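Close look at the chain arrangement
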Amino acid sequence: MKYKIDVVRIRENSISLNGWVVGKSPESRATFRVEDEHRKPVKFKQVSTRRDDVSHIYFKKIYDKDFGFDIQFPYERGKTYYLLIRCEGRQAKIKYNEELIAKRASVAHKRMEKIKDLMNMETVRVAWDFFREHGFRALVVKSKHKIQGFDNDYEYSEWYDLTKPTDEELEAQRKAELPARPLLSIAIPAYKTPVRYLREMLDSILAQTYDNWEVCIADGSPAGQDLEKVLREYAQKDARFRYQILGKNLGIAENTNAAIRMAKGDFLVLADHDDTLPPHALFEVAKAIGEHPNCRVIYSDEDKLDMDGKALFDPHFKPDFNPDLLTSVNYICHLFVVRMDLLKEVGLFRQEFDGAQDYDFIFRCTEAAGEIVHIPKVLYHWRCHQNSTASNPDSKMYAFEAGARAIKAHYERMGISALSVEKGVDYGIYHTKFQILGNPLVSVIIPNKDHSIDLDTCLRSILEKCTYKNLEVIVVENNSTQPETFEYYEKIQKEFLNVRVVKWEREFNYSAINNFGAGFAKGEYLLLLNNDTEAINPDFIQEMLGFCQREDVGIVGARLLYGDDTIQHAGVVIGFGGIAGHTFIGLHKAENSYFHRAMCAQDYSAVTAACMMTKKSVFDQVGGLSTELAVAFNDIDYCMKVRALGKLVVYAPYALLYHYESKSRGLEDTPEKVARFNREVAIFIKKWPDIIKNGDPYYNPNLTLRKSNFALRDLLKEKIGEPYDLSAYEKYAPEETP
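Summarised in this report is the structure supplied together with it. Fair warning: this is a prediction, and the values are worked out from it, not measured in the lab. (Residues numbered from 1 in each chain as written. Predicted model: local features only at pLDDT ≥ 70, side-chain atom pairs only at ≥ 80, totals over all residues. Heavy atoms only, no water.)

1. Some thoughts on the nonpolar core
With 115 residues, the main nonpolar core has Phe336 and Phe540 as its most contacted residues. Sequence-distant contacts of phenylalanine 540, defined by excluding residues within four places in its chain, comprise Cys466, Leu527, Ala535, Cys611, Ala655, Leu656 and Leu657. (Core = buried A, V, L, I, M, F, W, Y, C linked by side-chain atoms within 4.5 Å. Buried < 20%, exposed > 50% of the residue type's maximum accessible area, 1.4 Å probe, protein only. Contact = heavy atoms within 4.5 Å.)

As structure tokens, this is what we get:
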């Protein structure tokens, strides 16, 4: 017998227990008994619940069985109670009193519970498969991160309870006078929907604090299986519910279109038939419309809802509009809202994209929208079950093939030449290979002081291994002292005629050195590169050039690994560690990152100049790197200057290199260096106060700035939406900032 109590709640005069139990066979049945401290029976209420996750783990198959349970019984404070679970002749006895319940709620107990949860054959199978594919070192790193994750400050369900609107706030929303009160039309395509799920969706709409809405439901269930009885009940109860019985399944696109055609509102809200909305969802949408009167597309964050509707998990906290991330994955998904005039402009759902019809629709809407608003709050609960792409991608393989076609259609409309759209790190994650237009010269600029062995490794990986050949390499000699360094320069320039060494003879200034090297460049594109890097992917230059050749792109960064195959750089978030920091540092290249972000091409506010491609024309337009930032943040500052031109900074994950920078290297180790670092922090803050104050648009205010793994904010240390207090640096700022 295996069992687990997932949730224990004391509410006034009762205890509620939520959990599951299985025997050796799926046909086994458990019985329950509650006793008081004198072993006398206590009356209790029990409801059986379906637990597909348990069925899948223990029996490798989904059974239509109720392995879960909810039990509630009267509770008197100060007394002890026992839950007895019996199955296949075995019995478990669990003790409950105030002290034990408090202990089970402690961090240490939660950690042990998580470890115990992993002790099953499913974990062994997953670990074995990972070991066979990636090796022992990768498994050790992944296991370490898994265990470290047990120390997170919150479970999501606990975090959500602490951050969701209170009853008082919800009541205030009902009474609020908003600057705009648009009619929101919620279009729902229904098809053989379980009645319970449909009711939960419709009830969640009835519970909204904003009341100017209508629901348009098109039921494509086959004759005799339609939902008219339920739909009529709601329509009779509230005239805002309208429905149409289609009599047959027209496909997801046409079923949705039928619902859309019923809409009379100012904005269309898309929802699925078995999901739910939190009560403040439509209020937040209407509020955003009032604050952004020109917006034509709105989307929110989301999470997942288990089959029983009891637990929320797997929150997706998204960036503001990120066009390159959208071509890697349909990250927008739910909640999606579009102004009705834009809908008429771009057209309805297209049947040829069934399975990814929403992906295609989102592309067409965002292409033409103008202003797009992201609400960084969870306004949609996506029910996750085994036959949903939310939990089992293999069950809808056709959806991902349709998604690739939606991406290609987007590129065609945008005039972007793509060679292929392939499966990325997982189904539903896409990797685009772009057509390189012409054969442009790329000027590679590498500062170097001694370290000729490192430099040789770097140069040979580019000149001998890489498949892109129209390169010139400019090595900027920076006050080397070792004779062998200069001997190496002589040798390498004779061996490779496209390598040139130029001499910088002034004090060290990273910005000035790169600007000096760029002055010798003849290429249309610059590739700023550290001398302690080594190419892994022979096509890394094409991967970067494919993005950089676009008119709307000014900078492209790469994915960089330490020598042990863990991530050194996968994009930069402004605010990490106070000013700026790399994402996913220390994660093994084979580990899953937050919603696969490390393996998705996407736009960031900045990338590192350890490997950065940029247009020479853009570099010249902004005056290169800022020389007042001699050591720190000059690459971040450069990205900010380029973004101020309206250009994108793109992270290309398949441009893969090693960066042998020491993980333990100290940033500053003398008083002079500390003072210089503080001064450069102050300069950066003074130059770019808005992003420091308002937060990085390509991150999310619900996620922590204290770690690089996109964990939830620590609510005790970081208030949502508030950056670090950086006032201590103000005294270091120069009076005039260039």
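Having seen the model, we can carry on.
2. Brief notes about the side chain of arginine 296
Along the chain, the position of arginine 296 falls in strand β12 (residues 295–305). Among the polar contacts made by the side chain of arginine 296, one reaches the side chain of glutamate 345 at a distance of 3.3 Å. Of note is the side chain of arginine 296, whose polar atom sits 3.3 Å from the backbone oxygen of alanine 369. Apart from the residues lying within four places of it in its own chain, the contact partners of arginine 296 are Val337, Val338, Arg339, Asp341, Leu342, Glu345, Ala368, Ala369 and Glu371. (Helix = DSSP H or I, 4+ residues; strand = E, 2+ residues; numbered from the N terminus. Polar contact = N/O pair within 3.5 Å; in protein donor to acceptor, adjacent residues only side chain to side chain.)

3. Overview of the sheet that holds strand β3 (residues 31–36)
One open sheet accounts for three strands, arranged β3-β6-β7; its pairing is antiparallel. Unpaired on one side and paired on the other, β3 and β7 (90–96) mark the two borders of the sheet. The mean inter-strand angle of the sheet, taken between neighbouring strand axes irrespective of direction, is 20°. Of the pairings in the sheet, the one linking strand β6 (residues 81–87) to β7 comprises seven bridges and is antiparallel in character. What sits directly across from leucine 83, in β7, is isoleucine 94. (Pairing = 2+ DSSP bridges. Axes fitted to C-alpha atoms, helices over the stretch in contact; angles between N-to-C directions.)

4. Some thoughts on the packing of aromatic side chains
The full count for this structure, using the stated rule, is 30 aromatic pairs. Ring geometry for tyrosine 699 versus phenylalanine 710: centroids 5.0 Å apart, planes at 90°, classification edge-to-face. One end of the pair, tyrosine 699, is in the segment after α23 (689–694); the other, phenylalanine 710, is in the segment after α23, with 11 residues separating them in the sequence. Judged by its relative accessible area of 5%, tyrosine 699 is buried. (Phe/Tyr/Trp six-rings, centres within 6.5 Å; stacked < 30°, edge-to-face > 60°.)

5. Description of the packing of helix α8 (residues 195–206) against helix α9 (residues 228–237)
Closest axis-to-axis distance for the α8/α9 pair is 11 Å, and the angle between their directions is 15°. If you check the angle between α8 and α9, you find them roughly parallel. As for the relative orientation of α8 and α9, their crossing is right-handed in sense. Facing α8, whose interface residues are Val195, Leu198, Arg199, Leu202, Asp203 and Leu206, α9 presents Val230, Leu231, Glu233, Tyr234 and Lys237. Here the residues of the contact of α8 with α9 sort into seven nonpolar, no polar and four charged. (Parallel < 35°, antiparallel > 145°, perpendicular 65-115°, else oblique. Left-handed = near helix turned anticlockwise from the far one by under 90°. Nonpolar A, V, L, I, M, F, W, Y, C, P; charged D, E, K, R; others polar.)

6. Details of empty space enclosed by the protein
Within the structure shown, the criterion is met by two cavities of 30 Å³ or more. Its boundaries defined by the atoms lining it, the largest cavity holds a volume of some 90 Å³. If you go around the largest cavity, you meet 16 residues; those closest to its centre are Ser328, His431, Thr432, Phe547 and Ala601. Listed by contribution, the elements that provide at least two residues to the lining of the largest cavity are β17 (430–434), α19 (540–548) and β29 (648–659). When the residues that make up the lining of the largest cavity are grouped by side-chain class, the tally is 11 nonpolar, four polar and one charged. What the second largest cavity holds in volume is close to 30 Å³. Lining the second largest cavity are Leu202, Ile217, Leu231, Tyr234, Ala235, Phe241, Arg242 and Tyr243. If you list the elements that add at least two residues to the lining of the second largest cavity, you get α9 and β10 (241–245). (1 Å grid on protein atoms, 1.4 Å probe; cavity = no way out; pocket = protein on both sides within 12 Å on 5 of 7 lines; lining within 4 Å. Points joined across faces, edges and corners; volume = space filled by probe spheres on them.)

7. A short note on unusual backbone geometry
That bond from histidine 334 to leucine 335 is cis: its omega, -15°, falls within 30 degrees of zero. For leucine 335, the location among the structural elements is in the loop between α12 (323–326) and β14 (336–339). Within the chain, glutamate 88 stands out as a residue other than glycine whose phi angle is a positive 50°. Looking at the secondary structure, you find glutamate 88 in the loop between β6 and β7. For glutamate 88, a relative accessible area of 43% translates into the label partly exposed.

Shape is all these values report; function is a separate question.
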